[in-house]
Amino acid sequence: MKERLQEFFLENFSFLPPELLVVLVSAMPILELRGGIPMALLLGLAWYEAMIYAMIGNLLPILPILILFRPISQFMMRFAFYKRFYDWLYKRTMSKSEKVEKYGALGLILFTAVPLPTTGAYSASLAAILFFIPTKLAFAAISFGVLIAGVGVTLFTYGFFG
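An account of the accompanying structure is given in this report. (Residues numbered from 1 in each chain as written. Predicted model: local features only at pLDDT ≥ 70, side-chain atom pairs only at ≥ 80, totals over all residues. Heavy atoms only, no water.)

### Section: the overall build of the protein
So, step 1. The helix and strand tally for the protein stands at 10 helices and 0 strands.
So, step 2. Ordered by position from N to C terminus, the α and β elements of the protein give α-α-α-α-α-α-α-α-α-α.
So, step 3. In terms of C-alpha radius of gyration, the protein reaches 16 Å, essentially the compact-globule figure of 15 Å for 162 residues.
So, step 4. By its C-alpha atoms, the protein is 45 × 35 × 25 Å across when sized along the principal axes.
So, step 5. With 162 residues in all, the protein has 44% of them scored as buried.
So, step 6. For the protein, long-range pairs separated by at least 24 residues make up 69% of all intrachain contacts whose partners lie at least 6 apart in sequence. (Helix = DSSP H or I, 4+ residues; strand = E, 2+ residues; numbered from the N terminus. Rg over C-alpha atoms; globule rule 2.2 N^0.38 Å. Buried < 20%, exposed > 50% of the residue type's maximum accessible area, 1.4 Å probe, protein only. Contact = heavy atoms within 4.5 Å.)

As structure tokens, this is what we get:
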């Protein structure tokens, strides 16, 4: 699925500058920087450009999520379709967030830094909200986790395929 999304962006948004394309792909929930950095390699960006633009894209939606998710969810809970979605999201996030529950902000770093499916900045943001981790602390921890993930994915991608 990740590859199809990358292909979709390459086919439909190739008119955009490569840097902006990497930022957009990295801002997507499923792809995040794990999709943006390989795309940067395909687009011919240097490793340091790939890492910087992918991290910017991955971090762009995080602060708005941390600030707006709870009030928007409270409003949307009056709709049955959203209530079902929220219950699914809550169950999914809670099942993956034992590190966050146990270690708090340090757990957010680990949760974000490990480049596995269903982990990353989006899931860490939701875990921070569900565990009432203060916004500033959550953003700092998630940012540090994104930095660690960015270094790891860049080293792997450019080391083996670059």
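### A few points about a nonpolar patch on the surface
So, step 1. A grouping of Trp47, Tyr48, Ile52, Ile56 and Leu60 is seen on the molecular surface, where their side chains present a nonpolar patch of about 540 Å² in accessible area.
So, step 2. Classification of Ile56 as partly exposed rests on a relative accessible area of 41%. (Patch = residues over 30% accessible without salt bridge, like charges linked within 9 Å, V, L, I, M, F, W, Y side chains within 5 Å. Areas by Shrake-Rupley, 256 points an atom, 1.4 Å probe, with all protein chains shown as cover. Salt bridge = Lys/Arg side-chain N within 4 Å of Asp/Glu carboxyl O.)

### Things to note about the pattern of salt bridges
So, step 1. Following the criterion strictly, the structure yields 1 salt bridge and no others.
So, step 2. Among the ionic pairs, Lys83 bridges to Asp87, the shortest N-O distance being 3.2 Å. Residue Lys83 and its partner Asp87 are located together in helix 6 (residues 80–96), separated by 4 residues, close to a single helical turn.
So, step 3. Looking at Lys83, the relative accessible area reads 37%, which means it is partly exposed.
So, step 4. In this structure Asp87 comes out as partly exposed when scored by relative accessible area, which is 37%.

### Re helix 4 (residues 47–59)
So, step 1. The end-to-end C-alpha distance of helix 4, which contains 13 residues, comes to 18 Å, matching closely the 18 Å that a straight helix rising 1.5 Å per residue would cover.
So, step 2. Those residues of helix 4 lying buried are Ala50, Met51, Ala54, Met55, Gly57, Asn58 and Leu59.
So, step 3. In the core, the buried residues of helix 4 are packed alongside helix 2 (18–26), helix 3 (32–42), helix 5 (62–76), helix 9 (121–130) and helix 10 (135–161). (Expected span 1.5 Å × (residues − 1).)

### Section: the nonpolar core
Soluble globular proteins tend to bury their nonpolar side chains together.
So, step 1. Among the nonpolar cores identified, the biggest contains 39 residues, and Leu33, Ile37, Phe69, Leu108, Ile142 and Val146 are the most heavily contacted of them.
So, step 2. Elements supplying a minimum of two residues to this core: helix 3, helix 4, helix 5, helix 6, helix 8 (105–113), helix 9 and helix 10.
So, step 3. By residue number, the principal contributor to this core is helix 9, which donates 8 residues.
So, step 4. In contact with Ile37, not counting residues within four places along its chain, are Ala50, Met51, Ala54, Gly150, Val153, Thr154, Thr157 and Tyr158.
So, step 5. The next biggest cluster of nonpolar side chains, apart from the first, holds 5 residues, and it includes Phe9, Leu21, Leu31 and Met39. (Core = buried A, V, L, I, M, F, W, Y, C linked by side-chain atoms within 4.5 Å.)

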